[in-house]
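Understanding the architecture of this molecule
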Amino acid sequence: MKSHTITAPLEMDKDGTWYYVHVPLEVRQDFKSLEKRGIIPVTARVGTSTWPASLLPWADGSAQLSIGRKIRERENLSRGQQIEVEIAPRERT
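Residues numbered from 1 in each chain as written. Predicted model: local features only at pLDDT ≥ 70, side-chain atom pairs only at ≥ 80, totals over all residues. Heavy atoms only, no water.

**Here we look at the pattern of salt bridges**
With the rule as written, the count across this model stands at 4 salt bridges. Two residues, R28 and E35, come together in a salt bridge whose shortest N-O distance is 3.3 Å. The class of E35 is partly exposed, set by a relative accessible area of 23%. In this structure, E35 engages K32 in a salt bridge whose closest nitrogen and oxygen atoms are separated by 3.0 Å. Connected through salt bridges with shared partners, the residues R28, K32 and E35 form a single ionic network. (Salt bridge = Lys/Arg side-chain N within 4 Å of Asp/Glu carboxyl O. Buried < 20%, exposed > 50% of the residue type's maximum accessible area, 1.4 Å probe, protein only.)

**What to know about the nonpolar core**
Nonpolar side chains tend toward joint burial in soluble globular proteins. Ranked by size, the top nonpolar core spans 24 residues in total, and within it V21, V23, L55, L65, I67, V85 and I87 carry the most contacts. Those elements giving two or more residues to this core turn out to be strand 1 (4-9), strand 3 (19-23), strand 4 (40-46), strand 5 (49-57), strand 6 (63-66) and strand 7 (82-89). The element that contributes the greatest number of residues to this core is strand 4, accounting for 4 residues. Other than its neighbours up to four places away in sequence, L55 contacts V23, R28, F31, G38, I39, I40, V42, A63, Q64, L65 and I87. (Core = buried A, V, L, I, M, F, W, Y, C linked by side-chain atoms within 4.5 Å. Helix = DSSP H or I, 4+ residues; strand = E, 2+ residues; numbered from the N terminus. Contact = heavy atoms within 4.5 Å.)

And the structure:
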């Protein structure tokens, strides 16, 4: 299983409580074998920041990847900004 790099805008949920990027269906499908109860463990990287993350299911079959406050601050990210995210498989521990 290979890693994927996507470019997507940083979005915010309707309640303004968390930020995420949309992950295309084909990327989610590539990691499908790691899925358990709809959640796929991955390692994400934006700029110099790397962290354990999860792909969360989206209604159309694609996924979302949450980008936490510490990562947003460290990488100086803002809502609507196009960001490049590397997503790699991560085995559950």
